[in-house]
Amino acid sequence: RAARNGEDGVRCYAPAMGQVFLRRFQLVTQFRHAIDSGQIEVHYQPKVALPGRQVVGAEALVRWWHPEYGRLDPDEFIPVVEATGLVDALTAFVLECALIKIRDWLDRGMRMSVAVNLSVRNLADESFPDRVADALQRHDIPPELLTLELTESSVMADRERSLPVLRRLHTMGVVLAVDDFGTGYSSLAYLRHLPVDEVKIDKSFVLGMGTDLSDLAVVRTIVELGHSLDLAVVAEGVEDDISRDQLVGMGCDVAQGYLLSRPLPEERFEAWLEARTKREIDARSETVLTL
Ligand code: C2E
Ligand code: MG
Ligand code: MG
Ligand code: MG
């Protein structure tokens, strides 16, 4: 709005407002270069099957190492970039990184999936499924190892366009997940009309379930609803053993959260995986010995 008001309008704002505007403007103009010059980094956060400990995959989450502002989290720059066509380049970049990662694991005998977050623009883009299909083929990846996460509100933003895109992706065999479920538009009834395989309980409820009975009730309801619709239920924001145990008790299928690990740069994620696998093997051989 500051821009439309012209110079006079800008003067009406507090200096801090002008700075926020300037920063957003910079983020948009610098984003393309940021992708091309390696400032955008994909981190991976593990997802573990409950009640066991098996790592089933990871979610790809981007960070921007900005030369002036330092590390920027996606909640600051994604909404800014999402308003422009630039978010298409971001999705393409993250998808490419994710598929390279899945292929690398396959080549090392590991079958794990990676989840990529989509933007509302991808869902409205009828050529998007073909580009995903091309990318899967190029990397020789079975489609079920790729998960695409979308929010209900991004589907609702343009249902007419998104539904065919989702149906196409679903038919291809890509796993579709509804992210941040329980917030925004979320309508339990509408969920069954979406061609999706997985529902992710928003972390606000999972973070609150230890202290707030209504959060606990929401989590329980989503797990039950998800299962009644034959969906896998993932809880994000699992930070402690208590909530993990509660989720196990409810029959929640997958957990993701700081309890397991924060999102990590690729090399650190690999080190985490290796250490965990080693611990598993040690634990198992100990069991064998004591038997
Ligand atoms: P999201 O897809 O719901 O991702 C989960 C967010 O919860 C991540 O925040 C993750 O770091 C955080 N989280 C995970 N476990 C815990 C926990 O135990 N406690 C707490 N407090 N937080 C936890 P992050 O990485 O800052 O990402 C924020 C959002 O930015 C994502 O929410 C997603 O909507 C968006 N985003 C991230 N990467 C991409 C991308 O490549 N493309 C698009 N379009 N959006 C992205
Ligand atoms: Mg997500
Ligand atoms: Mg989420
Ligand atoms: Mg989110």
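Looking at an unreviewed UniProt entry, the chain carries the name EAL domain-containing protein, with the source organism given as Saccharopolyspora halophila.

(A) Focus on the packing of helix H6 (residues 128-139) against helix H8 (residues 159-172). At a closest axis distance of 9 Å, the pairing of H6 and H8 adopts a crossing angle of 25°. Of the possible angle classes, the one that applies to H6 and H8 is roughly parallel. Crossing of H6 against H8: the hand is right-handed. Counted together, Phe128, Pro129, Asp130, Val132, Ala133 and Leu136 of H6 and Val165, Arg168, Leu169 and Met172 of H8 form the full contact between these two elements. Looking at side-chain class alone, the contact of H6 with H8 contains eight nonpolar, no polar and two charged residues.

(B) Representation of helix H4 (residues 86-107). With 22 residues, H4 should cover 32 Å at 1.5 Å per step; its first-to-last C-alpha distance of 32 Å lies within 8% of that length. The complete set of buried residues in H4 reads Leu86, Val87, Ala89, Leu90, Thr91, Val94, Leu95, Ala98, Leu99, Lys101, Ile102 and Trp105. At the C-terminal side of H4, glycine 109 shows a positive phi close to 80°.

(C) Structural context of the coordination of the magnesium ion (ligand 3). Here the magnesium ion (ligand 3) is held by Asp179 (OD), Asp180 (OD), Glu236 (OE) and Glu236 (OE), and the distances to it run 2.0 to 2.6 Å. In terms of primary sequence, the donors binding the magnesium ion (ligand 3) are separated according to D-D-x55-E.

(D) A look at the site of ligand 1. Not every one of the 25 residues close to ligand 1 is listed here, only the nearest: Arg63, Asn117, Asp179, Glu239 and Tyr258. Within the side chain of glutamate 59, one N or O atom sits 3.0 Å away from an oxygen atom of ligand 1. Interatomic distance of 2.5 Å between a side-chain N/O atom of glutamate 239 and a nitrogen atom of ligand 1. Protein chains bury 90% of the 800 Å² of accessible surface belonging to ligand 1 in isolation. Structurally, ligand 1 is housed in the largest pocket. Of the residues forming the shell around ligand 1, the biggest block, four residues, is contributed by strand E2 (residues 55-66). Class assignment for the residues of the shell around ligand 1 results in eleven nonpolar, five polar and nine charged.

The rules behind the values
- Residues numbered from 1 in each chain as written.
- Chains lettered and ligands numbered in written order.
- Predicted model: local features only at pLDDT ≥ 70, side-chain atom pairs only at ≥ 80, totals over all residues.
- Heavy atoms only, no water.
- Axes fitted to C-alpha atoms, helices over the stretch in contact; angles between N-to-C directions.
- Helix = DSSP H or I, 4+ residues; strand = E, 2+ residues; numbered from the N terminus.
- Parallel < 35°, antiparallel > 145°, perpendicular 65-115°, else oblique.
- Left-handed = near helix turned anticlockwise from the far one by under 90°.
- Contact = heavy atoms within 4.5 Å.
- Nonpolar A, V, L, I, M, F, W, Y, C, P; charged D, E, K, R; others polar.
- Expected span 1.5 Å × (residues − 1).
- Buried < 20%, exposed > 50% of the residue type's maximum accessible area, 1.4 Å probe, protein only.
- Donors = N, O, S within 2.8 Å, 3.2 Å for Na, K, Ca; no water.
- Near = heavy atom within 4 Å.
- Polar contact = N/O pair within 3.5 Å; in protein donor to acceptor, adjacent residues only side chain to side chain.
- Areas by Shrake-Rupley, 256 points an atom, 1.4 Å probe, with all protein chains shown as cover.
- 1 Å grid on protein atoms, 1.4 Å probe; cavity = no way out; pocket = protein on both sides within 12 Å on 5 of 7 lines; lining within 4 Å.
- Sits in = over half its atoms within 2 Å of the grid points.

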